[in-house]
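Chain and residue survey
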Amino acid sequence: MPRQIDLASGQFTAGVLHEHTTTVGMLTGLFADQAAWQALPAGTPLYTVAILPAPQQEGELLSGVTHLYPGRVGREFYMTRGHFHQRREQAEYYFGLRGRGLLLLQQAGQCVLEPLFPGSVHYIPPFTAHRLINPGSGTLSALAVWPATAGHDYQALQAQGFGVRIMADGDGWQAEVQHA
Ligand code: 6PG
Ligand code: NI
């Protein structure tokens, strides 16, 4: 039997090995407005990742759906922590399933924002940091497929972070360039 995703909810219908929710309290120093971050209950869920099982070995692929909830920390919209792959040369694909949002890509300090929507297809090249952002009013769900050996490097982004932040602007959003 093939795997299945319910397109209305973005959920795998069965077979999930592992589900992990990242909460506000886990993302120290990530959001620009520290006071607004501290004012939110630490247990507030930001995003949940549901991953299908695959052997952790060369040549294997992992797949997972990220559900990024709507909300803001101060003026800044909810986003994933963002990472490079530990194996920098390993690429990834994202597919938009539900909601509307943004995929932020950063390579050699250059940022690109791709709109993510149901049916959108995104190639994340090697050596490219990536983050999802949800400036919408509903949950943003995206399927990701990446090499099982890629790993995550969160450390590399801790000092400088990404070059842009997505902030509320009236009813919409704007990308604010960060100056080092
Ligand atoms: C990966 C994918 C994806 C990502 C989640 C959560 O390489 O595993 O890019 O599953 O991990 O969207 O984002 P963070 O790992 O940045 O918290
Ligand atoms: Ni990744």
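The following refers to the structure shown.

Calculation criteria
Residues numbered from 1 in each chain as written. Chains lettered and ligands numbered in written order. Predicted model: local features only at pLDDT ≥ 70, side-chain atom pairs only at ≥ 80, totals over all residues. Heavy atoms only, no water. Donors = N, O, S within 2.8 Å, 3.2 Å for Na, K, Ca; no water. Tetrahedral: all angles 85-135°; square planar, octahedral: opposite > 155°, others 65-115°. Helix = DSSP H or I, 4+ residues; strand = E, 2+ residues; numbered from the N terminus. Buried < 20%, exposed > 50% of the residue type's maximum accessible area, 1.4 Å probe, protein only. Pairing = 2+ DSSP bridges. Axes fitted to C-alpha atoms, helices over the stretch in contact; angles between N-to-C directions. Contact = heavy atoms within 4.5 Å. Phe/Tyr/Trp six-rings, centres within 6.5 Å; stacked < 30°, edge-to-face > 60°. Lys NZ or Arg CZ within 6 Å of the ring centre and 35° of its normal. Near = heavy atom within 4 Å. Polar contact = N/O pair within 3.5 Å; in protein donor to acceptor, adjacent residues only side chain to side chain. Areas by Shrake-Rupley, 256 points an atom, 1.4 Å probe, with all protein chains shown as cover. Salt bridge = Lys/Arg side-chain N within 4 Å of Asp/Glu carboxyl O.

**Quick word on the coordination of the nickel ion (ligand 2)**
- For the nickel ion (ligand 2), the full set of protein donor atoms is H83 (NE2), H85 (NE2), E92 (OE) and H130 (NE2), and the range of their distances to it is 2.1 to 2.3 Å.
- Because the angles between the six donor atoms bound to the nickel ion (ligand 2) fall within 74 to 168°, the donor set is best described as octahedral.
- Taken in chain order, the donor set of the nickel ion (ligand 2) reads H-x1-H-x6-E-x37-H. Separated by 47 residues along the polypeptide, H83 in the loop between β7 (76-77) and β8 (92-98) and H130 in strand β12 (residues 129-133) bring together distant segments of the chain.
- When its relative accessible area of 10% is taken as the criterion, H83 is described as buried.

**Looking at the sheet that holds β12**
- Spatial ordering of the open sheet is given by β10-β9-β12, a layout of three strands whose pairing is antiparallel. Two strands bound the open sheet, and with one partner strand each, they are β10 (110-116) and β12. Between one strand axis and the next, the sheet turns by 20° as a mean value, whatever way the strands run.

**A look at the environment of V112**
- Its location among the elements puts V112 in strand β10.
- What makes V112 partly exposed here is its relative accessible area of 42%.
- Residues V112 and H130, 18 residues apart in the sequence, show an inter-C-alpha distance of 9.7 Å.
- Sequence-distant contacts of V112, that is, excluding residues within four places in its chain, are made with L103, L104 and L105.

**A short note on the packing of aromatic side chains**
- The full count for this structure, using the stated rule, is two aromatic pairs.
- Ring geometry for Y93 versus F95: centroids 5.8 Å apart, planes at 15°, classification stacked.
- Taking relative accessible area as the criterion, Y93 reaches 37% and is therefore assigned partly exposed.
- Their ring planes at 45° and their centres at 5.4 Å tell us that Y93 and Y123 sit as a pair that is tilted. Here the residue Y93 occupies a position in strand β8, and Y123 occupies one in strand β11 (residues 121-124), the gap between them amounting to 30 residues.
- On the basis of relative accessible area, Y123 is assigned to the partly exposed category, the value being 42%.
- Taken together, the ring pairs in this structure connect Y93, F95 and Y123 into an aromatic cluster.
- Its end group placed over the ring of Y154, R81 keeps NZ or CZ at 5.2 Å from the ring centre.

**Side note on the site of ligand 1**
- Taken together, 14 residues form the shell around ligand 1, and within it Y47, T66, Y94, H152 and Y154 come nearest.
- Within the backbone of G82, one N or O atom sits 2.8 Å away from an oxygen atom of ligand 1.
- Coverage of ligand 1 by the protein amounts to 95% of the 410 Å² it exposes when considered alone.
- The set of elements that each furnish at least two residues to the shell around ligand 1 consists of β4 (45-51) and β8.

**Concerning the pattern of salt bridges**
- Counted under the stated rule, the structure contains five salt bridges.
- When the shortest N-O distance is used, the salt bridge between E76 and R165 registers 2.7 Å. Here E76, found in strand β7, pairs with R165, found in strand β14 (residues 164-169); they are 89 residues apart in sequence, far enough to count as distant.
- Judged by its relative accessible area of 0%, E76 falls in the buried class.
- Here R165 falls in the buried class, since its relative accessible area comes to 18%.
- For R87, the salt bridge is made with E89, and the minimal N-O distance between the two is 2.7 Å.
- A relative accessible area of 29% means that R87 is categorised as partly exposed.

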